[in-house]
Amino acid sequence: MPPPRRRPAPAAADATGLTEAALRAMMIGYRHGGPAGAHATLAAATVPPSTLEQAGNAMRASRAVAPGVIDIADGAITDSTAGVQIRPGLDGRWHPFTLRRADEWRPAPGACDDPAEAFRAARRARAARPLRR
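Participant: Pulling in residues and values, what's your account of the side chain of threonine 41?
Facilitator: Positionally, threonine 41 belongs in helix H2 (residues 20-42). Excluding its chain neighbours within four sequence positions, the residues that come into contact with threonine 41 are Ala25, Met26, Gly29, Arg87, Phe97 and Pro107.

Next up, the structure:
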């Protein structure tokens, strides 16, 4: 009798040291933004603080109303009130994310060069799945 087959996700998690949830999120990031999207799922690309500040200002300016605070930390720009975040990718684009639960960010479609447009893409994705907080 052949040995039982392992499911790919646990085997990949064992091989990489990542959780299955992180690997699934990376696959979603890859689907939305290619290799840079998968990388941005794990960590934002390193960019100068001035670039983050300019992107944060663009996000603030693109909001119709400003009920929440936009935070810049760990290379990401987060509007926690709206449950959205954008992160710079290795490809020079901004990658949108939505808050799934507690502290779990999921990649969303709409990576682009313009941080305000990536922010709007994150908000559209968040609106499409409002019950997942």
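Participant: Tell me about the pattern of salt bridges, and name the residues and values.
Facilitator: Evaluation of the coordinates by the stated rule reveals six salt bridges. Arginine 106 is the partner of glutamate 104 in a salt bridge, and the nearest nitrogen-oxygen pair spans 3.0 Å. Here arginine 106 falls in the buried class, since its relative accessible area comes to 11%. The closest approach of N and O atoms between glutamate 117 and arginine 120, which form a salt bridge, is 3.1 Å. Of this pair, glutamate 117 and arginine 120 are both found in helix H4 (residues 115-128), three residues apart, which corresponds to roughly one turn of the helix. According to the relative accessible area criterion, glutamate 117 is partly exposed, its value standing at 28%. When salt bridges with common partners are traced through the structure, they connect Arg100, Glu104 and Arg106 into a single cluster.

Participant: Describe the layout of surface pockets, and please don't skip the residues or the numbers.
Facilitator: Estimated volume of the largest pocket: approximately 330 Å³. Looking at the lining of the largest pocket, the elements that each hand over two or more residues are H2, strand S2 (76-79), strand S3 (84-88) and strand S5 (104-107). Top contributing element to the lining of the largest pocket by residue count: H2, with six residues. By residue class, the composition of the lining of the largest pocket is 10 nonpolar, four polar and five charged.

Participant: Can you lay out H2 for me, pointing to particular residues and giving the numbers?
Facilitator: A rise of 1.5 Å per residue sets the reference length of H2, with its 23 residues, at 33 Å; its end C-alpha atoms lie only 13 Å apart and thus fall more than 12% short of the reference. Of all the bends in H2, the largest measures some 145° and sits at glycine 33, one to four residues before the proline proline 35.

Here is what the cut-offs are and how they apply
Residues numbered from 1 in each chain as written. Predicted model: local features only at pLDDT ≥ 70, side-chain atom pairs only at ≥ 80, totals over all residues. Heavy atoms only, no water. Helix = DSSP H or I, 4+ residues; strand = E, 2+ residues; numbered from the N terminus. Contact = heavy atoms within 4.5 Å. Salt bridge = Lys/Arg side-chain N within 4 Å of Asp/Glu carboxyl O. Buried < 20%, exposed > 50% of the residue type's maximum accessible area, 1.4 Å probe, protein only. 1 Å grid on protein atoms, 1.4 Å probe; cavity = no way out; pocket = protein on both sides within 12 Å on 5 of 7 lines; lining within 4 Å. Points joined across faces, edges and corners; volume = space filled by probe spheres on them. Nonpolar A, V, L, I, M, F, W, Y, C, P; charged D, E, K, R; others polar. Expected span 1.5 Å × (residues − 1). Bend = angle between axes of the 7 residues up to and from the residue.

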